[in-house]
Amino acid sequence: MTKEEGYQVLDICIETDKPVSSSIKQIYLCTYNDYDWKPLAIGSRKGSTCRFKDIVGNNVFIIAEASNTQSLQYITAPFILKKDGDIHKLIPQKELSQSFTFNKRKDKLNQKHTLHYWDADKNGFISLEEMSSTDTTQTYNQIPKNALLWFTVPERILNQRVFYIENDSIKY
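Model, not experiment: these values are computed from the prediction.

Trainee: Requested: an account of the packing of aromatic side chains, with residues and values cited.
Mentor: Applying the stated rule across the entire model yields 13 aromatic pairs. Consider the rings of tyrosine 32 and phenylalanine 125, whose centres lie 5.2 Å apart with planes at 75 degrees: the pair is edge-to-face. With tyrosine 32 in strand β2 (residues 26-33) and phenylalanine 125 in strand β11 (residues 124-127), this pair connects stretches of sequence that are 93 residues apart. Take tyrosine 32: its relative accessible area is 10%, and that puts it in the buried class. Judged by its relative accessible area of 18%, phenylalanine 125 is buried. Pairing phenylalanine 102 with phenylalanine 151 gives two aromatic rings, centres 4.6 Å apart and planes at 20 degrees, and the pair type is stacked. Of this pair, phenylalanine 102 sits in strand β9 (residues 93-103) while phenylalanine 151 sits in strand β14 (residues 149-152), and the two are 49 residues apart along the sequence. We classify phenylalanine 102 as buried; its relative accessible area is 3%. For phenylalanine 151, a relative accessible area of 11% corresponds to the buried category.

Trainee: Account for unusual backbone geometry, naming residues and giving values.
Mentor: In this structure, asparagine 146 takes a positive phi of about 60 degrees despite not being glycine. With respect to the helices, strands and loops of the structure, asparagine 146 is situated in the loop between β13 (137-145) and β14. Phi at asparagine 167 takes a positive value of approximately 50 degrees, unusual for a residue other than glycine. Among the secondary structure elements, asparagine 167 is positioned in the loop between β15 (162-166) and β16 (169-171). Owing to a relative accessible area of 72%, asparagine 167 belongs among the exposed residues under this scheme.

Trainee: Can you lay out the sheet that holds β11 for me, pointing to particular residues and giving the numbers?
Mentor: Reading across the sheet, the five strands line up as β11-β10-β14-β15-β16 and stay open at both edges, with antiparallel pairing between neighbours. The outermost strands of the open sheet, each flanked by one partner alone, are β11 and β16. Across this sheet, the average inter-strand angle for adjacent strands is 40 degrees, counted without regard to direction. Where β15 meets β16, three bridges bridge the pair, whose relative direction is antiparallel. Following the sheet pairing, tyrosine 164 is matched in β16 by lysine 171.

Rules behind the numbers
Residues numbered from 1 in each chain as written. Predicted model: local features only at pLDDT ≥ 70, side-chain atom pairs only at ≥ 80, totals over all residues. Heavy atoms only, no water. Phe/Tyr/Trp six-rings, centres within 6.5 Å; stacked < 30°, edge-to-face > 60°. Helix = DSSP H or I, 4+ residues; strand = E, 2+ residues; numbered from the N terminus. Buried < 20%, exposed > 50% of the residue type's maximum accessible area, 1.4 Å probe, protein only. Pairing = 2+ DSSP bridges. Axes fitted to C-alpha atoms, helices over the stretch in contact; angles between N-to-C directions.

In structure tokens form, the structure reads like this:
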């Protein structure tokens, strides 16, 4: 998406959260889609500072370095790039938890939906245990604050979104 298509684009500058390879200068801005982080843009890195040009805001990203796109190594926590260019890193505060009740569609097989959070230390999603469930809701009590979340929906394999909770509401 570009200025020509009517979208506001931003140049971003962000510091890494993890050690970086001194030999790899090429970095990728990735977005989460189809169960994986997918490279969306190529940027540059000088030291621990990463730069990307012409990025559409209001999305969740993570930055990775790689010698090729098959072996991405994440060097930042996931973050939200807001429309105004502000960056908010989603680093889970495991010592501070929150509760949330998710609505779910009743299906014929009564399949369980699963809530996961991105663990920045492990570079992966970790499943959370639900506390209670009905045909139409699932409640979780141990959701780390400031975490990137993913609520898997068994009947929808593709295009599942990641999100976070802010002021007791879901934000994409």
